[in-house]
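Summary of the model geometry
One letter stands for each residue in the lines below.
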Number of protein chains: 2
Amino acid sequence: MAVDREQVLRAAASLLMRKSSATMDEVARAAGISRATLNRQFAGRDALVRALEELGIAECEAAVARAVIDDGPAADAVRRLVQELEPVARQLAFLYSENQLFEGDKQNAGWARLDARLVALFRRGQEAGEFRIDLSPVWLTEALYGLLVSAAWAVCEGRVAPKDLSSNVTELLLGGALRTQK
Amino acid sequence: MAVDREQVLRAAASLLMRKSSATMDEVARAAGISRATLNRQFAGRDALVRALEELGIAECEAAVARAVIDDGPAADAVRRLVQELEPVARQLAFLYSENQLFEGDKQNAGWARLDARLVALFRRGQEAGEFRIDLSPVWLTEALYGLLVSAAWAVCEGRVAPKDLSSNVTELLLGGALRTQK
DNA sequence: TCATTCTGAGACACTGATGTCTCATTTGAG
DNA sequence: CTCAAATGAGACATCAGTGTCTCAGAATGA
């Protein structure tokens, strides 16, 4: 028995990303368990979404850790980061559209921690002369999230090849669309 | 009397962007009308969202037309486009998270028309040697949407100044985060 | 083997949103 | 002013989703 809690969360994320209005019954069926068991694991839909958020944050933080973003050139750090973040992109896309998470006044502090890490990375790149200074680190952080989510959607709809996801995000974020002579 | 249908739609968009789970009653109150009248104007929540989508598409197409994206350098066309698209960004952000719109098999053809226009713009830029060719026009289009939505969110949460929205999107999309010698 | 624990299926009541209706009131045109 | 049209407020039934419960059956471990 022993329901694999994490597997349930992954199935839920996968379904909810495509259909955020999915029923608890649909979520349960997608996870291969019964609605009763789903309710035993997560006390209500809200708790499920919160757990999803918690898992997403944890995986993002793990990705940040693996990418060792404080070492070496900031541009390379961004490349590693996006690479590591790629598997989390789908879940991020769901959480991104779940703005219910951000309207309460008890937002998960994990996002602030993550933001701080990324903002620090971009600021480091600016201070090292790698990144332009007319775009604020906060905006660059938001843009990174946004591009990641957009790319996940595009892949999900078959408009972009999965293998191109990470390079697309990285190249656009760092280099932009214009041709430049480096 | 004569309820201003468009004003109702704008109020609904403004509310639904922040709280996509808002009740029809809340929407009505936000628009300054009664729930009965709201239901007289839009037969059900679904019809309301569809009308919102229709309005969003129309405004985007109007913005595209005003930006005359087929004239002059593609980069300048993108700048004009983002400038014109800025007022629609909030509504776009709502529609972007309303993935219910895209799961049915009767998607609004307006999106395809818009996509085609933008894809053509980026392709033109590539053929003119302005844009790099290792990022597909489809991806650049998705990235434009994504950055616009991210920026709208960032502004909405006070992380980015409203006046910087358009330049942030344009600069990042075209030039990227790296410092380059042009 | 037995006992414990967990699961699945179904039934149940409850809640909240929705759509519809009525009726008094207000608005605006003629 | 007069009247038709539209609005607001409220009541109402309906419905889908939810959370809880029970019970039988399966899995697990001693």
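Residues numbered from 1 in each chain as written. Chains lettered and ligands numbered in written order. Predicted model: local features only at pLDDT ≥ 70, side-chain atom pairs only at ≥ 80, totals over all residues. Heavy atoms only, no water.

Per an unreviewed UniProt entry, chain A carries the name TetR family transcriptional regulator and comes from Kribbella pratensis.

1. Quick notes on the domain arrangement of chain A
Residue and element names in this part refer to chain A. In terms of domain boundaries, chain A breaks down into domain 1 (1–42) and domain 2 (53–175). Spacing between the C-alpha centres of domain 1 and domain 2 amounts to 26 Å. With 9 residues of domain 1 in contact, the opposing surface of domain 2 contributes 10 residues. Between domain 1 and domain 2 lies a buried interface of about 830 Å² when both sides are counted; carbon and sulfur atoms form 71% of it. (Domains from an automatic or database assignment. Contact = heavy atoms within 4.5 Å. Buried area = accessible area lost by both parts, 1.4 Å probe.)

2. A closer look at the UniProt feature "DNA-binding region" (unreviewed entry) in chain A
Taken from the UniProt record, the annotation "DNA-binding region" (unreviewed entry) applies to residues 23–42 of chain A. End C-alpha to end C-alpha, residues 23–42 of chain A measures 14 Å, and it is 75% helix and 0% strand. (UniProt positions renumbered as here; feature names shortened; annotations may be inferred. Helix = DSSP H or I, 4+ residues; strand = E, 2+ residues; numbered from the N terminus.)

3. Observations concerning the interface of chain A and chain B
Chain A puts 43 residues into the contact, and the matching count from chain B is 43 residues. Buried surface at the junction of chain A and chain B, summed over both partners, amounts to about 4,300 Å²; 57% is from carbon and sulfur atoms. The three residues of chain A that bury the most area against chain B are R132, W139 and L178 of chain A, which together make up 17% of that side's buried surface. Our count for the chain A to chain B interface comes out at 6 salt bridges. In this structure, E142 of chain A and R159 of chain B form a salt bridge, with 2.6 Å as the shortest nitrogen-oxygen distance. Across the contact surface, chain A and chain B share 22 residue pairs in polar contact (both at pLDDT 80 or more). (Salt bridge = Lys/Arg side-chain N within 4 Å of Asp/Glu carboxyl O. Polar contact = N/O pair within 3.5 Å; in protein donor to acceptor, adjacent residues only side chain to side chain.)

4. Description of the packing of helix 1 (residues 5–18) of chain A against helix 4 (residues 45–66) of chain A
All names here are of chain A. Interhelical geometry of helix 1 versus helix 4 gives an angle of 100° and a closest axis separation of 10 Å. Judged on the interaxial angle alone, helix 4 and helix 1 are roughly perpendicular. In contact with R5, E6, L9, R10, A12, A13 and L16 of helix 1, helix 4 contributes R45, L48, A51, L52, L55 and E59. (Axes fitted to C-alpha atoms, helices over the stretch in contact; angles between N-to-C directions. Parallel < 35°, antiparallel > 145°, perpendicular 65-115°, else oblique.)

5. As for the packing of helix 4 of chain A against helix 8 (residues 109–127) of chain A
Two measures define how a pair of helices packs: the angle their axes make with one another and the distance between the axes. All names here are of chain A. Closest axis-to-axis distance for the helix 4/helix 8 pair is 10 Å, and the angle between their directions is 25°. When the axis of helix 4 is compared with that of helix 8, the two are roughly parallel. The way helix 4 lies across helix 8 gives a crossing that is left-handed. Across from E53, I57, C60, E61 and V64 in helix 4, the residues of helix 8 making contact are G110, W111, R113, L114, R117 and L118. Among the residues forming the contact of helix 4 with helix 8, the class breakdown is 6 nonpolar, 1 polar and 4 charged. (Left-handed = near helix turned anticlockwise from the far one by under 90°. Nonpolar A, V, L, I, M, F, W, Y, C, P; charged D, E, K, R; others polar.)

6. What to know about the relation of the copies chain A and chain B
Take chain A, turn it by 180°, move it 0.0 Å along the axis, and it overlays chain B with an RMSD of 0.1 Å. Within this description, the copies of the chain are treated as partners about a two-fold rotation axis. Taking C-alpha positions as the reference, the residue of chain A nearest the rotation axis is G176 of chain A, at 1.8 Å. Residue by residue, 100% of the interface of chain A is reproduced at the interface of chain B, so both copies engage with the same surface. (Least-squares fit on C-alpha atoms with pLDDT ≥ 70 in both.)

7. Some details on the side chain of Q126 of chain B
Residues and elements named next belong to chain B. Secondary-structure assignment places Q126 in helix 8 (residues 109–127). Relative accessible area serves as the criterion here: at 14%, Q126 is assigned to the buried category. Residues in contact with Q126, not counting those within four places in the same chain, are F131, R132, I133, L135, S136, P137 and L140. (Buried < 20%, exposed > 50% of the residue type's maximum accessible area, 1.4 Å probe, protein only.)

8. Description of the packing of aromatic side chains
Residues and elements named next belong to chain A. Summed over all chains, the structure comprises 4 aromatic pairs over all chains. With 5.9 Å between their ring centres and 45° between their planes, F122 and F131 make a pair best called tilted. When its relative accessible area of 0% is taken as the criterion, F122 is described as buried. Residue classification places F131 among the buried positions, given a relative accessible area of 0%. (Phe/Tyr/Trp six-rings, centres within 6.5 Å; stacked < 30°, edge-to-face > 60°.)

9. Regarding the nonpolar core
In terms of nonpolar packing, the biggest core is built from 137 residues, with L81, W139 and V169 of chain A together with L81, F131, W139 and V169 of chain B touching the most fellow members. Ignoring sequence-local partners within four residues, the contact set of F131 of chain B consists of A177, L178 and R179 of chain A together with A74, A75, V78, L121, F122, G125, Q126 and L174 of chain B. (Core = buried A, V, L, I, M, F, W, Y, C linked by side-chain atoms within 4.5 Å.)

10. Some thoughts on the side chain of T170 of chain A
All names here are of chain A. Note that T170 resides in helix 10 (residues 165–175). With relative accessibility at 5%, the residue T170 sits in the buried group. With residues near it in sequence (within four places) discarded, T170 still touches R79, V82 and G175.

11. Structural notes on unusual backbone geometry
Of note, the phi angle at V68 of chain A is positive, near 35°, even though the residue is not glycine. Position of V68 of chain A among the secondary structure elements: in the loop between helix 4 and helix 5 (74–85).

12. Remarks on helix 5 of chain A
Since the α-helix advances by 3.6 residues per turn, residues separated by three or four positions end up pointing in the same direction. Residues and elements named next belong to chain A. Taking 1.5 Å per residue as the helical rise, helix 5 with its 12 residues ought to reach 16 Å, and the 16 Å between its terminal C-alpha atoms agrees with that figure. Taken as a whole, helix 5 has its buried residues at A74, A75, A77, V78, L81, V82 and L85. What you see down the axis of helix 5 is that its buried residues fit within an arc of 155°, all on one side. Residues of helix 5 that are buried make contact with helix 4, helix 6 (89–97), helix 8, helix 9 (137–156) and helix 10. (Expected span 1.5 Å × (residues − 1). Arc of directions from axis to C-beta.)

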